[in-house]
There are 2 protein chains.
Amino acid sequence: MKRNDVCEERCIHQDMVRKVKEKMLEEDVFNHLSRDFKTLGDPTRVKMLFALFLEELCVCDLSSVLGLSESAISHQLRIMRDRNMVKYRREGKMVFYSLSDHHVVQLLKIGVEHARE
Amino acid sequence: MKRNDVCEERCIHQDMVRKVKEKMLEEDVFNHLSRDFKTLGDPTRVKMLFALFLEELCVCDLSSVLGLSESAISHQLRIMRDRNMVKYRREGKMVFYSLSDHHVVQLLKIGVEHARE
DNA sequence: TTTTCATATGAATAGATGCTCATATGTTCA
DNA sequence: TGAACATATGAGCATCTATTCATATGAAAA
């Protein structure tokens, strides 16, 4: 028979655990949160976002700045579009990308501070 | 013959690209940065960090809070120890973990704000 | 010392992910 | 319309990663 939540014994600090469980956020919030961090958790994407923080750029520009294929850049842009981290505007054949969210800028700034220490 | 950086033609906005390239941070900074974000980019780890933000907890407590095996928790703790995101203290047979870095708290807070919108 | 318990860790595996290549879409210009 | 070009996307593959299971370590109690 499987031990259930209530009759935990062993090393568990029941009071602490109960208290923490009550204060934990909803599953969805954690999933959303970790998905956003994961999006920032790739060197290519973080470079792209930093570049877009400096200037609005087209796919070709990003490709040149990062030294990666336009296909690779475009795939990553799609991911960041889906996560609402970048927005775009079309101008003729080109598509210009820029950051869509001020939170991204905040996260980048804090991250850079931390990374530099 | 491969086209080099200087004689790019096509769609590239040379001035912008040059400007952005100059302002880009060092490779190491981006790698460190993305590694930190990646560490936050997993539901299990983000839950663990949030729980540790609420209370100092032992492995067994975290296992109970998250509903995951102690082995899984321990593996994740090791990753976060290596990234200097959590610290620990031994007390008898138990090891208590807590957050080691105020940046982590900042990142979590901004992330939660964003995730909730 | 030996046993017990809390934690740590190595190996294995299933699933996720980033890039490349080929191809499709959509816009401009001839 | 058709050619040229910028971007987007699907498939495939190599790599990475989170968990499980088995085992090791380390501390306390018997």
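Refer to the structure above for everything that follows.
Residues numbered from 1 in each chain as written. Chains lettered and ligands numbered in written order. Predicted model: local features only at pLDDT ≥ 70, side-chain atom pairs only at ≥ 80, totals over all residues. Heavy atoms only, no water.

Peer 1: So, the sheet that holds strand β3 (residues 94–99) of chain A: which residues are in play, and what are the values?
Peer 2: All names here are of chain A. Reading across the sheet, the three strands line up as β1-β3-β2 and stay open at both edges, with antiparallel pairing between neighbours. Two strands lie at the open edges of the sheet, namely β1 (57–58) and β2 (86–91), each paired on one side alone. As judged from the six bridges shared by β2 and β3, these two strands associate in the antiparallel manner. Across the sheet, Lys87 pairs through a bridge with Ser98, a residue of β3. Its contacts with the sheet put helix α5 (residues 70–82) on β2 and β3, and the angle it makes with β2 is roughly 120 degrees. (Pairing = 2+ DSSP bridges. Helix = DSSP H or I, 4+ residues; strand = E, 2+ residues; numbered from the N terminus. Contact = heavy atoms within 4.5 Å. Axes fitted to C-alpha atoms, helices over the stretch in contact; angles between N-to-C directions.)

Peer 1: Account for the relation of the copies chain B and chain A, with residues named and values stated.
Peer 2: With an RMSD of 0.1 Å, the fit of chain B onto chain A corresponds to turning through 180 degrees and sliding 0.0 Å along the axis. The superposition operator between the copies reduces to a two-fold rotation axis. A high fraction, 100%, of the interface residues of chain B reappear at the interface in chain A, so the copies pair face to face through one surface. (Least-squares fit on C-alpha atoms with pLDDT ≥ 70 in both.)

Peer 1: Report on the packing of helix α2 (residues 27–40) of chain A against helix α3 (residues 43–54) of chain B, specifying residues and quantitative values.
Peer 2: Relative orientation of the contacting elements α2 of chain A and α3 of chain B amounts to 115 degrees, with a least axis distance of 9 Å. By the angle between their directions, the pair α2 of chain A and α3 of chain B is classed as roughly perpendicular. α3 of chain B is crossed by α2 of chain A, and the crossing has right-handed handedness. Residues Glu27, Phe30, Asn31, Leu33, Ser34 and Phe37 of chain A of α2 of chain A form the contact with α3 of chain B, whose own contacting residues are Pro43, Val46, Lys47 and Phe50 of chain B. Considered class by class, the residues forming the contact of α2 of chain A with α3 of chain B number six nonpolar, two polar and two charged. (Parallel < 35°, antiparallel > 145°, perpendicular 65-115°, else oblique. Left-handed = near helix turned anticlockwise from the far one by under 90°. Nonpolar A, V, L, I, M, F, W, Y, C, P; charged D, E, K, R; others polar.)

Peer 1: Give a detailed account of the sheet that holds strand β2 (residues 86–91) of chain B, specifying residues and quantitative values.
Peer 2: Residues and elements named next belong to chain B. Here three strands make up an open sheet; going across it, the order is β1-β3-β2 and the pairing antiparallel. The open sheet terminates on both sides in strands that have one partner only, identified here as β1 (57–58) and β2. Across two bridges, the pairing between β1 and strand β3 (residues 94–99) is antiparallel. Counterpart to Cys58 in the pairing with β3 is Phe96.

Peer 1: Help me get a handle on the protein's contact with DNA strand C, residues and values and all.
Peer 2: Around DNA strand C sit 29 residues, and of these Thr44, Arg45 and Gln76 of chain A together with Ser71 and Tyr97 of chain B come closest. Each atom of DNA strand C within 4 Å of the protein was assigned to sugar, phosphate or base; sugar and phosphate come to 70%. Here His75 of chain A contributes a side-chain N or O atom positioned 3.3 Å from a base oxygen of DNA strand C. In the environment of DNA strand C, a phosphate oxygen lies 3.0 Å from a nitrogen or oxygen atom belonging to the side chain of Ser74 of chain B. Take the surface near DNA strand C: its biggest share by element is six residues, from helix α5 (residues 70–82) of chain B. Among the residues forming the surface near DNA strand C, the class breakdown is 10 nonpolar, nine polar and 10 charged. (Near = heavy atom within 4 Å. Polar contact = N/O pair within 3.5 Å; in protein donor to acceptor, adjacent residues only side chain to side chain.)

Peer 1: Could you give an account of the protein's contact with DNA strand D, with specific residues and numbers?
Peer 2: Around DNA strand D, the surrounding shell holds 28 residues, and the nearest of these are His75 and Tyr97 of chain A together with Thr44, Ser71 and Gln76 of chain B. Expressed as a percentage, the sugar and phosphate content of the atoms of DNA strand D within 4 Å of the protein is 70%. Between DNA strand D and Tyr97 of chain A there is a distance of 2.5 Å, counted from a phosphate oxygen to a side-chain nitrogen or oxygen. A distance of 3.1 Å separates a phosphate oxygen of DNA strand D from a polar side-chain atom of Ser69 of chain B. Elements represented by at least two residues in the surface near DNA strand D include exactly α4 (59–66), α5 and β3 of chain A together with α3 and α5 of chain B. Among the elements that line the surface near DNA strand D, the one with the most residues is α5 of chain A, at six residues. Grouping the constituent residues of the surface near DNA strand D by class yields nine nonpolar, nine polar and 10 charged.

Peer 1: Lay out the state of the cysteines with the relevant residues and their values.
Peer 2: Using the criterion set out here, one finds two disulfides over all chains in the structure. Each sulfur of the disulfide joining Cys11 of chain A and Cys60 of chain B lies 2.2 Å from the other. Of note, the bridge from Cys11 of chain A to Cys60 of chain B carries an S-S torsion of about 130 degrees and is right-handed in sense. One end of the pair, Cys11 of chain A, is in the segment before α1 (14–23); the other, Cys60 of chain B, is in helix α4 (residues 59–66), on a second chain. Overall, Cys11 of chain A belongs to the partly exposed group, its relative accessible area being 26%. Under the relative-accessibility criterion, Cys60 of chain B is labelled buried at 4%. Free of any disulfide, Cys58 of chain A has its nearest cysteine sulfur in Cys11 of chain B, 4.7 Å distant. (Disulfide = S-S within 2.5 Å. Buried < 20%, exposed > 50% of the residue type's maximum accessible area, 1.4 Å probe, protein only.)

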